[in-house]
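Structural description and commentary
Given next are the chains, with one letter for each unit.
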Amino acid sequence: AQSVTQPDIHITVSEGASLELRCNYSYGATPYLFWYVQSPGQGLQLLLKYFSGDTLVQGIKGFEAEFKRSQSSFNLRKPSVHWSDAAEYFCVVTGANNLFFGTGTRLTVIP
Amino acid sequence: NAGVMQNPRHLVRRRGQEARLRCSPMKGHSHVYWYRQLPEEGLKFMVYLQKENIIDESGMPKERFSAEFPKEGPSILRIQQVVRGDSAAYFCASSRIGGGDYNEQFFGPGTRLTVL
């Protein structure tokens, strides 16, 4: 069965610092993976997706993620965080008919 | 091209009342999904519908919850006799391609249901 684990519930970084959000998945075949961001009280916005091909994928807002099959991971990175990046981030794996969400990582950005 | 529309954005109900949540998919999308987000949690799948068909309702509670996607009009998620535990954000998503693994879904802004 599919599942997603985001081990970090809450991360705090300084503005301008680098960021890495961890994600591990469980899936029987080649997964399709996504990262979504949710600002407080808002809906979800797709940051990036991995379906196949190059294991390093670029997304919007300067985010990137790397798919590592050997580690069953799909970590999200950004080299320099902006205050507007403060939000909840969800790693997602696709199932047969729906999406499986991780529990999310809340990012706080301090000046 | 309008995105996924949901209304109302906020809904307040007293215990025992009915809640109706509406979702209009993106233009050209005929597959609709409903998810529920409880406070401090990720989204959990509830139901997947195509026009006039329920494809997968494995995530729907067995009682009080129902969903439809009629030939004309929006998809409706209906919760009868609401209880405080139903308080959550309900998100609708739509996709052009349904089923299988290649399934990019676009999300609406959600309906935040509060049960008093």
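Treat the numbers as computed from the prediction; the structure is a model and nothing was measured.

Calculation notes
Residue numbering note: each chain is counted from 1, following its sequence as written. Working convention: letters from A go to chains and numbers from 1 go to ligands, in the order in which they are written. Reporting in this predicted model follows two pLDDT cut-offs: at least 70 for local features of residues, and 80 or more for side-chain atom pairs to be given and counted; totals over whole chains, interfaces and linings ignore these cut-offs and use all residues. Side-chain descriptors were evaluated using all non-hydrogen atoms of the structure, hydrogens and water having been removed beforehand. Each helix corresponds to a stretch of at least 4 residues labelled H or I by DSSP, and each strand to a stretch of at least 2 residues labelled E; elements are numbered beginning at the N terminus. Radius of gyration: C-alpha atoms only; globule rule: 2.2 Å multiplied by the number of residues to the exponent 0.38. When accessible area is computed with a 1.4 Å probe and restricted to protein chains, residues below 20% of their type maximum are described as buried, those above 50% as exposed, and intermediate ones as partly exposed. To measure how exposed things are, a 1.4 Å probe is used in the Shrake-Rupley method; for residues, cover is taken only from the protein chains shown. Residues scored as positive are Lys and Arg, those scored as negative are Asp and Glu, and His as well as the terminal groups of each chain are ignored. Charge positions come from single atoms, namely NZ of Lys, CZ of Arg, CG of Asp or CD of Glu. Pairing between strands requires that DSSP locate at least two bridges from one strand to the other. Axis lines are fitted through C-alpha atoms, for helices just across the contact stretch, and the angle between N-to-C directions can take any value from 0 to 180 degrees. Note on definitions: a residue-residue contact is assigned when non-hydrogen atoms from the two residues lie within 4.5 Å. Two parts placed together each lose some accessible area under a 1.4 Å probe, and the buried area is that loss summed for both. For salt bridges, the criterion is a side-chain nitrogen of Lys or Arg within 4 Å of an Asp or Glu carboxyl oxygen. Each polar contact in these results corresponds to two N or O atoms within 3.5 Å; when the atoms are within protein, one needs to be able to donate a hydrogen and the other to accept it, and residues that are neighboring in sequence are counted only if both atoms are side-chain atoms. Gly falls in the polar group here, along with every residue not listed as nonpolar (Ala, Val, Leu, Ile, Met, Phe, Trp, Tyr, Cys, Pro) or charged (Asp, Glu, Lys, Arg). Aromatic contacts are taken between Phe, Tyr and Trp rings whose centres are within 6.5 Å, Trp giving its six-membered ring; a plane angle under 30 degrees counts as stacked, one over 60 as edge-to-face, and the others as tilted. Disulfide assignment relies on a single distance test, namely cysteine sulfur atoms paired within 2.5 Å.

1. Considerations on the overall build of chain B
For chain B, the helix and strand inventory stands at zero helices and eleven strands. Starting at the N terminus, the α and β elements of chain B follow one another as β-β-β-β-β-β-β-β-β-β-β. The C-alpha atoms of chain B give 13 Å as radius of gyration, which agrees with the globular expectation for 116 residues (13 Å, within 12%). Summarising its shape, the C-alpha atoms of chain B cover approximately 40 × 30 × 30 Å along the three principal directions. Within chain B, the proportion of its 116 residues that are buried is 46%. Summing over all exposed atoms, chain B offers an accessible surface of approximately 5,900 Å²; the carbon and sulfur share of this is 47%. Side-chain charges in chain B split into 17 positive and 12 negative, and the spacing between the mean points of these groups amounts to 8 Å.

2. Examining the sheet that holds strand S8 (residues 75–79) of chain B
Residues and elements named next belong to chain B. One open sheet holds the four strands; their spatial order is S1-S3-S8-S7, and the pairing between them is antiparallel. Looking at strand neighbours, the two that pair on one side only are strand S1 (5–7) and strand S7 (65–68), the edges of this open sheet. Recorded for the sheet is a direction-independent mean angle of 15° between the axes of neighbouring strands. Judged from the four bridges that link them, S7 and S8 form a sheet pairing that is antiparallel. When the bridges of S8 are listed, Phe-65 appears paired with Ile-79.

3. Observations concerning the interface of chain B and chain A
Across the contact, 24 residues belong to chain B and 23 residues belong to chain A. Of the roughly 1,800 Å² buried between chain B and chain A, counting both surfaces, carbon and sulfur atoms make up 50%. Taken together, the connections running from chain B to chain A amount to zero salt bridges. The tally of links from chain B across to chain A stands at three residue pairs in polar contact (both at pLDDT 80 or more). Elements represented by at least two residues in the side of chain B that touches chain A include exactly strand S4 (31–37), strand S5 (43–50) and strand S6 (53–56) of chain B. When its residues are assigned to classes, the side of chain B that touches chain A shows ten nonpolar, seven polar and seven charged.

4. Quick notes on the packing of aromatic side chains
All names here are of chain A. Enumeration according to the criterion identifies 15 aromatic pairs over all chains in this entry. On the basis of an interplanar angle of 75° and a centroid distance of 5.0 Å, the ring pair of Tyr-32 and Phe-51 is categorised as edge-to-face. A residue pair is termed long-range when its members are at least 10 positions apart, and Tyr-32 in the loop between strand S4 (24–26) and strand S5 (33–38) and Phe-51 in the loop between strand S6 (44–50) and strand S7 (56–58) qualify at 19 residues. For the residue pair Tyr-32 and Phe-51, the accessibility class agrees, reading buried in each case.

5. Some thoughts on the state of the cysteines
According to the stated counting rule, one finds two disulfides over all chains in the structure shown. Bridging Cys-23 of chain A to Cys-91 of chain A, the disulfide has an S-S length of 1.9 Å. Residues Cys-23 of chain A and Cys-91 of chain A are joined by a disulfide whose S-S torsion is about -65°; by sign, that bridge is left-handed. Placement of Cys-23 of chain A in the loop between strand S3 (19–21) and S4 and of Cys-91 of chain A in strand S10 (residues 87–94) is noted, with a sequence separation of 68 residues between them. A residue is classified by how much of its surface remains accessible, and Cys-23 of chain A, at 0% relative accessible area, is buried. Across a sulfur-sulfur distance of 1.7 Å, Cys-23 of chain B and Cys-92 of chain B are joined as a disulfide pair. Of note, the bridge from Cys-23 of chain B to Cys-92 of chain B carries an S-S torsion of about -55° and is left-handed in sense. Here Cys-23 of chain B, found in strand S3 (residues 19–24), pairs with Cys-92 of chain B, found in strand S9 (residues 88–95); they are 69 residues apart in sequence, far enough to count as distant. Across the pair, Cys-92 of chain B and Cys-23 of chain B agree in class, each one buried.

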